[in-house]
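Listed here are the chains, written in short residue letters.
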Amino acid sequence: RGTVISNEVIAPVFFEPDGAIRFLQAEQARTAEPFRVVDLGTYGEVRGRAGSPNLLAIHGLEQIGGHHGNEMGRYRTLIGGDALRNLTRRLLDLTNTKYVVRARSLGDAPGFTEVYRDPTAIVYRNETAFPRAFLVGAVEVVPDEVALTRILADPDLDLRRTALLPEPLPQGVAVEPDPVGTVEWLDREADRYTLRVTADRPALLVISENYFPAWRALVDGQPATVLRADYTFRAVPVPAGTHEVRLEYRSEVLQASAYVSLATLVLLLGVAVGGALRGRRGGGGG
């Protein structure tokens, strides 16, 4: 369940979830909507014991920071690396970070609701966190360095309504301002997921998960473009109406490697079987 550094003293919670983690796990099981969590020092090196910055992930909870599968350099730049140097309320919202865990009270922090407390940790719900997937109806085309600056610091940029793209929308694709609709998660695995999307006008479905060229999209079974939006996330254009949107990770490199491995296994198996048959024939002749 994790890697233990030699001679490191690990807090018991590293292996057994405490009350705060169990609360978050229950929230995760209760809703089909994914969310992220940020640990503000509770499970690091606190209370005189060694911990792990990835402890929430070890217990199956997605973190804004820590180790991520398919982690991209742009995502790390956006959040400010392992130290979360760019951590602001705006970044918490954009990254779908719905819960904050602290060892001490946040005090009077507007928009954060205390939902769990014990002597070890306090859990707050971020009431303004974006959904993991949402609809926008406007785009702006800006270079990456401009996008990063505006995402982190432009108070006039409303990322719920506008997506920043490094390139124009593909030919023939258009969106209309202020779409109204719903996004429902139907299933979700590490390398594929399906959503039911309803929009009253053409829109862009923005998903705050890392963009990578190997991701492929199908809208009602037909291939669709996966765009990079808001510096590091995925987006898929959807027409008006209700549609099933499916994304899958299909790496040609991994597929080729799998075929090579399978061919090698078959070859080795053939050599082994051939050797065994020759050995039997030789023994029968003696």
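Use the structure listed above.
Here the structure is a predicted model, which means the values were calculated and not measured.

Colleague: Any chance you could break down the overall build of the chain for me, citing the residues and the numbers?
Modeller: Looking only at helices and strands, one finds 6 helices and 15 strands in the chain. In the chain, which comprises 286 residues, the proportion classed as buried is 41%. Across the chain, the fraction of contacts at a sequence separation of at least 24, relative to all contacts at a separation of at least 6, is 65%. Element-wise, carbon and sulfur atoms account for 55% of the exposed surface of the chain, whose accessible area totals about 15100 Å².

Colleague: Requested: an account of the pairing of strand E7 (residues 162-165), with residues and values cited.
Modeller: Burial along E7 is two-sided: the face carrying Thr162 and Leu164 and the face carrying Ala163 and Leu165 are both buried. For strand E6 (residues 138-141) and E7, the ladder comprises 4 bridges, and the chain directions are parallel. For alanine 138, the partnering residue across the bridge sits in E7 and is threonine 162. For the crossover that starts at E6, traverses helix H5 (residues 144-153) and ends in the parallel E7, the hand is right-handed.

Colleague: Can you break down the sheet that holds strand E10 (residues 203-210) residue by residue, with the values?
Modeller: Overall, antiparallel pairing links the 4 strands, which are arranged E5-E10-E14-E13 in an open sheet. Where the open sheet ends on each side, the last strands, each with one partner, are strand E5 (133-136) and strand E13 (227-229). Ignoring strand direction, the axes of neighbouring strands in this sheet form an average angle of 40°. Note: E10 against strand E14 (residues 233-238), 6 bridges, orientation antiparallel. Opposite asparagine 210, over in E14, you have phenylalanine 233 as the bridge partner.

Colleague: Provide a residue-level description of H5, including the pertinent values.
Modeller: Along H5, the positions that sit buried rather than exposed are Ala147, Leu148, Arg150 and Ile151. Looking at the buried positions of H5, the neighbouring elements they touch are helix H3 (73-79), helix H4 (89-94), E6 and E7.

Colleague: An account of the packing of aromatic side chains is needed here, citing residue identities and associated values.
Modeller: All told, the structure shown has 9 aromatic pairs when counted by the stated rule. With a centroid separation of 5.6 Å and 75° between ring planes, the pair formed by tryptophan 215 and tyrosine 249 is classed as edge-to-face. Here tryptophan 215 is found in strand E11 (residues 215-219), whereas its partner tyrosine 249 is found in strand E15 (residues 241-249), with 34 residues between them in sequence. For tyrosine 249, a relative accessible area of 26% corresponds to the partly exposed category. Taken together, the aromatic side chains of Trp185, Tyr193, Phe212, Trp215 and Tyr249 make up a single cluster linked through ring pairs. Above the ring of phenylalanine 112, the side-chain terminus of arginine 89 is found at 4.1 Å from the ring centroid. Across from the ring centre of tryptophan 215, 3.8 Å away, lies the NZ or CZ of arginine 234, which sits over that ring.

Colleague: A description of helix H1 (residues 19-30) should follow, citing residues and the corresponding values.
Modeller: Helix length check: H1 (12 residues) gives 16 Å between terminal C-alpha atoms against 16 Å at 1.5 Å per residue, within 8%. Within H1, the full set of buried residues consists of Gly19, Ala20, Ile21, Phe23, Leu24 and Glu27. Packed against the buried residues of H1 are strand E1 (36-39), helix H2 (55-58), strand E2 (97-102), strand E3 (112-117) and strand E4 (122-126). Its side-chain oxygen at 3.4 Å from the backbone nitrogen of alanine 20, aspartate 18 defines the N-terminal cap of H1.

Colleague: So what's going on with the nonpolar core? Residues and values would help.
Modeller: Ranked by internal contacts, the top residues of the largest apolar core, which has 34 residues, are Ile64, Leu78, Ile151 and Leu204. Among the nonpolar cores identified, the runner-up in size contains 20 residues, and Tyr193, Val197, Val226 and Leu247 belong to it.

Colleague: I'd like a description of the environment of threonine 198, backed by residues and values.
Modeller: Mapped onto the fold, threonine 198 is located in strand E9 (residues 192-199). In this structure, the C-alpha to C-alpha distance between threonine 198 and alanine 240, residues 42 residues apart in sequence, is 7.2 Å. When residues no more than four places from it in sequence are discounted, the contact partners of threonine 198 are Leu135, Val180, Gly181, Thr182, Gly241 and Thr242. Side-chain polar atoms of threonine 198 contact the side chain of threonine 242, separated by 2.9 Å.

Colleague: Before we move on, could you go through the sheet that holds E3 and cite the residues and values that matter?
Modeller: Within the open sheet, the 4 strands sit side by side as E1-E2-E4-E3. Their pairing is mixed. On the outer flanks of this sheet lie E1 and E3, each paired with one strand and no other. For this sheet, the mean angle separating the axes of adjacent strands, direction not counted, is 25°. Bridge count between E3 and E4: 5 bridges; the pairing is antiparallel. Residue pairing across strands places threonine 113 opposite arginine 125, the latter belonging to E4.

Conventions adopted
Residues numbered from 1 in each chain as written. Predicted model: local features only at pLDDT ≥ 70, side-chain atom pairs only at ≥ 80, totals over all residues. Heavy atoms only, no water. Helix = DSSP H or I, 4+ residues; strand = E, 2+ residues; numbered from the N terminus. Buried < 20%, exposed > 50% of the residue type's maximum accessible area, 1.4 Å probe, protein only. Contact = heavy atoms within 4.5 Å. Areas by Shrake-Rupley, 256 points an atom, 1.4 Å probe, with all protein chains shown as cover. Pairing = 2+ DSSP bridges. Right-handed = clockwise from strand over helix to strand, strands pointing away. Axes fitted to C-alpha atoms, helices over the stretch in contact; angles between N-to-C directions. Phe/Tyr/Trp six-rings, centres within 6.5 Å; stacked < 30°, edge-to-face > 60°. Lys NZ or Arg CZ within 6 Å of the ring centre and 35° of its normal. Expected span 1.5 Å × (residues − 1). Polar contact = N/O pair within 3.5 Å; in protein donor to acceptor, adjacent residues only side chain to side chain. Core = buried A, V, L, I, M, F, W, Y, C linked by side-chain atoms within 4.5 Å.

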